[in-house]
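An overview of the molecular structure
Listed here are the chains, written in short residue letters.
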Amino acid sequence: MLQLAGKRLGAMVVIILALTAVMFGLQKISPLDPVHAMLGQSASAQAVAAERHVLGLDQPITAQYLHYLAGLLHGDLGTSYRTRNPLSSDLGTAFPATAELTLYGLIFALILAVLLAVATTLRWPGSWLFRLILFVGASMPPFLLAIGGILLFFVNLGWLPATGRTSIHNPPTGPTGLLTIDGLLAGQFNVVTDALSHLLLPALALAIGPAVSIGRVLRSSLVSELRSDYARTARAKGQRERQVLIRHVIRNAIGPALSMTGLQAGLMFGGVLVIEQVFSWPGMGQYMTQSIPVADFPAIAAVTLVLGIGYVLINTVVDLLQAAADPRIDV
Amino acid sequence: MAVAEPQLAAPLAARRRSARLLPANAARWANWSIAGLLGVVTLVALLAPVLAPHDPLQPVGQPQLAPGQGGFLLGTDGIGRDVLSRVLYGLQASWFAALLVIVGGVIIGGIIGVVAGTFGGIVDNVLMRITDGFLALPAPVLAIAIVAALGPGFVHTLLAVSIVWWPFYARIVRGEVRALAARPHVEAARLAGAGTFRVALRHLAPGAVPATVVTASLDVGNLVLTLAALSFLGLGQPAPTPELGADAARNLSYLLQQWWIPTMPGLAVLVLAMVGNLAGDAIRNLMEDR
C-alpha cells in the first residue's frame, strides 16, 4: 500500500510537470504576442524591447520555462491581460465559488449514481423514472439542463433563485471561502440555507451527466456481482436481497464505479465552466469565459492549470481509495 | 442452496425473457434501423440549406415571435431571424464537426496504436506513456486552452478536440494489435517473408477495426456534447454564424421571457447526442452478434 502510494504520488508529480510544460508550450506557439497585449499595438520599439526584458522573453527558452516553473512554485500564475491583476489574486477570489459548486456537484452525482444503480438493480417501484434518467441523462447537454431547471424552478414555480451564490449582502468571508461551511462556522444559519438554495440548481445540473455515467458502471458491476457464488451463499444463509447488496456486493462492485468517478471529475471541470455562465456564478468558469473573447491567454492557462491539477489530485485519491477498497489491486 | 436457487433463478429468467422479447431477426432489424438514424441525421445535416425555410443570417419576421406564430415553426429570435433555420444550419455544423473529430482521432490514434502494437518494446513503451499522459489530463479543459492559444474558430476547435481525443483510440487499437500479434496467422505471415509494414497493414490493423468502430460510434454523442460546450463558451465561430452552443449562450438573456430562443438550439444538441448514443449502442449490439 505504501509502495503504491509512493508510485502514484510520483506519477502525479510527473503529470503535473507535463501539464505545466504543455501550458508553457501553448503560450509559445500562440500567435498572441504577450508584449503587445500588455502595451497595446502602437507601442514603440524601445518600449517593446524593454518590456520583453522585463518579461524575460529575451532569455533562452529553457530558462524561460524554469522561470515560469519557479514562479508557479511560489504561487505566481502570471498577470491577466484583461484585469492587469496578478492571476493568483484574481483566481483566489474566484476559486472558492468554483470549489464549492464542484464539491456539491460531486456529492450529488455520487448520491444520484448509487440511487440510480440500486433502484434499477433491485427494481424498486418507480424505477422507470430512474431508467428514464439513465437514458436521457447521457445525452443531455449541461446547459440545457440548467436552462430547463431555471424555467421550471425559478420562472414557473418560484422555488429557487436562478443567479449568483447568495442574496445576503455581507456574508462571512472566511476561513474556507465556502459559504455553506463559513456560514455554519459563523453561526449564521440563514447564510447556509440561502447558499444551499443557490447551489441546488447549478450543482444538480452539473451532477446529472456524471451521475448517469457512474450509475451505469455501478449498475453493471452490481448485476454481475449479484450473480456470484458468494452472493448466492449469503442468500443461502437467509439474508434478504437488500442485505446481500449492502453487506457483501457493494464493496466488490465499487471499484469500476470509483475509477469512473475520477474520469467524470474531468468532465465536471468542463461542465462547471458552462454551468457558471448560465447561473452567473462568480467562479473561475465565469472568469475564464470573460477572458476568452479578449484573448487573455495567461488567465485561460492559469484556470486550466488549476483545474488540471485538481483533476490529477482527484484521480490519485481515487486510485488509492480503490486500492484500499480492494487489496487485490496492485499497480 | 435449495433455498437460494429459486431466488437467484427468478430475476435471471426474467431478464432472459425480456431480452428475447423480440425474435432474433426482429432485434437485428431494430438495431439496423436505429443505426440507420445516423444516416438520417447525416442526410438532414447535408440538406440543411434546402430544408431551412429562411436565410439563417437575415431577419425575416417580427422579433421574438413564439413558436408557431406567423408561420415560424420554432419562432423567431431577438432580431427576427428564423430559429428553425438557424437550428438546422447549426445542426449541420455540429454534426459534421463531431464526425470530423472522430475521423481525426481514429486516424491519429490508429496510427500510433498500430505502430506501438506492431513494434512493441521501447517504441510501445514510449508511445503508451505519452498516451497515458494525455489520458491523465482533463480533456475538455485542455481543449479549451488549446483553442484559446490558437485563437477561436471552427478549424482550431476541431484541431484542439482531435488533439485531446486520439489517446482513447490509440489505447484500444494498440490493445487489439498486441493481442493479434501473438496469434499464429501473424507468425505464419512473418515466416512467409512479409515485411513489418505489410504485416502491420494487412494482418494486424484490420483486426482492430471492429473495436474501433464500436468505440467511435459510442463516441459520437460525447463529441456532440463536448463541441457544443466549447461553442457555448465562445470558442466556435464568430457571431452571426449559426451554431447550436453559441446560439444558446448568446440568447441566455431572453430565457425568462422568450424561453424558446436559447432552448431550441439546446434541444437540437440533445437530439443529436441521443441519436449518437442510441446508434452507438445498436452498432455495438450488431458487432457483438457476429
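The structure displayed is predicted, hence computed values, not measured ones. (Residues numbered from 1 in each chain as written. Chains lettered and ligands numbered in written order. Predicted model: local features only at pLDDT ≥ 70, side-chain atom pairs only at ≥ 80, totals over all residues. Heavy atoms only, no water.)

Scanning all chains against the criterion turns up ten salt bridges over all chains. Where Asp319 of chain A meets Arg8 of chain A, a salt bridge forms, and the shortest distance between an N and an O atom there is 3.1 Å. A residue pair is termed long-range when its members are at least 10 positions apart, and Asp319 of chain A in helix H13 (residues 297-325) and Arg8 of chain A in helix H1 (residues 2-29) qualify at 311 residues. Each member of the salt-bridge network shares a partner with another, and the members are Arg86, Asp247 and Arg250 of chain B. (Salt bridge = Lys/Arg side-chain N within 4 Å of Asp/Glu carboxyl O. Helix = DSSP H or I, 4+ residues; strand = E, 2+ residues; numbered from the N terminus.)

On to the confidence of the model for chain B, then. Residues and elements named next belong to chain B. Residue-level pLDDT values for chain B average 82, and 91% of them are 70 or greater. Scored below 50 in pLDDT, residues 1-18 makes 15 contacts in the model with residues more than four places away or belonging to other chains. Overall fold confidence for the complex sits at a pTM of 0.84, while the interface term, ipTM, reaches 0.83. (pLDDT = per-residue confidence, 0-100. Contact = heavy atoms within 4.5 Å.)

Taken together, the 44 residues of chain B in the interface contact 47 residues of chain A. Summing the contributions of chain B and of chain A, the shared interface buries around 3900 Å²; its carbon and sulfur component is 79%. Counting across the interface, chain B meets chain A through zero salt bridges. Counting every contact that joins chain B to chain A gives two residue pairs in polar contact (both at pLDDT 80 or more). Of all the secondary structure elements, the ones that give two or more residues to the side of chain B that touches chain A are helix H1 (4-19), helix H6 (139-150), helix H10 (209-232), helix H11 (244-250) and helix H12 (260-289) of chain B. (Buried area = accessible area lost by both parts, 1.4 Å probe. Polar contact = N/O pair within 3.5 Å; in protein donor to acceptor, adjacent residues only side chain to side chain.)

All names here are of chain A. Inspection of every chain in the model, using the stated rule, returns nine aromatic pairs over all chains. Relative to Tyr68, the ring of Phe24 has its centre 5.8 Å away and its plane inclined at 35°; by these criteria the two rings are tilted. Placement of the pair is Phe24 in helix H1 and Tyr68 in helix H4 (residues 61-73), with a sequence separation of 44 residues. For Tyr68, a relative accessible area of 22% gives the class partly exposed. Aromatic pair Tyr104 and Phe108: ring centres 6.4 Å apart, planes at 70°, arrangement edge-to-face. Here Tyr104 and its partner Phe108 are both found in helix H5 (residues 87-121), four residues apart, which amounts to about one turn of the helix. The two residues Tyr104 and Phe108 agree in class, both being buried. Clustering of aromatic rings is evident, with ring pairs tying together Phe24, Tyr65 and Tyr68. Note that Arg82 overlies the ring of Tyr287, its terminal NZ or CZ placed 5.0 Å from the centroid. (Phe/Tyr/Trp six-rings, centres within 6.5 Å; stacked < 30°, edge-to-face > 60°. Buried < 20%, exposed > 50% of the residue type's maximum accessible area, 1.4 Å probe, protein only. Lys NZ or Arg CZ within 6 Å of the ring centre and 35° of its normal.)

Once that is clear, we can look at the packing of H5 of chain A against H13 of chain A. Residue and element names in this part refer to chain A. Where H5 meets H13, the closest approach of the two axes is 11 Å, and the angle between their N-to-C directions is 50°. When the interaxial angle is binned, H5 and H13 end up oblique. Here the hand of the crossing between H5 and H13 comes out right-handed. Here Leu87, Leu91 and Phe95 of H5 come into contact with H13, specifically with Pro298, Ala299, Ala302, Val303 and Val306. Taken together, the residues that form the contact of H5 with H13 break down as eight nonpolar, no polar and no charged. (Axes fitted to C-alpha atoms, helices over the stretch in contact; angles between N-to-C directions. Parallel < 35°, antiparallel > 145°, perpendicular 65-115°, else oblique. Left-handed = near helix turned anticlockwise from the far one by under 90°. Nonpolar A, V, L, I, M, F, W, Y, C, P; charged D, E, K, R; others polar.)

A few words now on the packing of helix H4 (residues 83-119) of chain B against H10 of chain B. Pairs of packed helices are described in terms of their axes, by the angle between the two and the distance that separates them. Residues and elements named next belong to chain B. It is the contact of H4 with H10, at a shortest axis distance of 9 Å, that shows an interaxial angle of 135°. One finds that H4 runs oblique with respect to H10. The chirality of how H4 crosses H10 is right-handed. Contacts between H4 and H10 pair Ser94, Trp95, Ala97, Ala98, Val101, Ile102 and Val106 from the former with Thr212, Ala216, Asp219, Val220, Leu223, Val224 and Leu227 from the latter. Here the contact of H4 with H10 is composed, by residue class, of eleven nonpolar, two polar and one charged.

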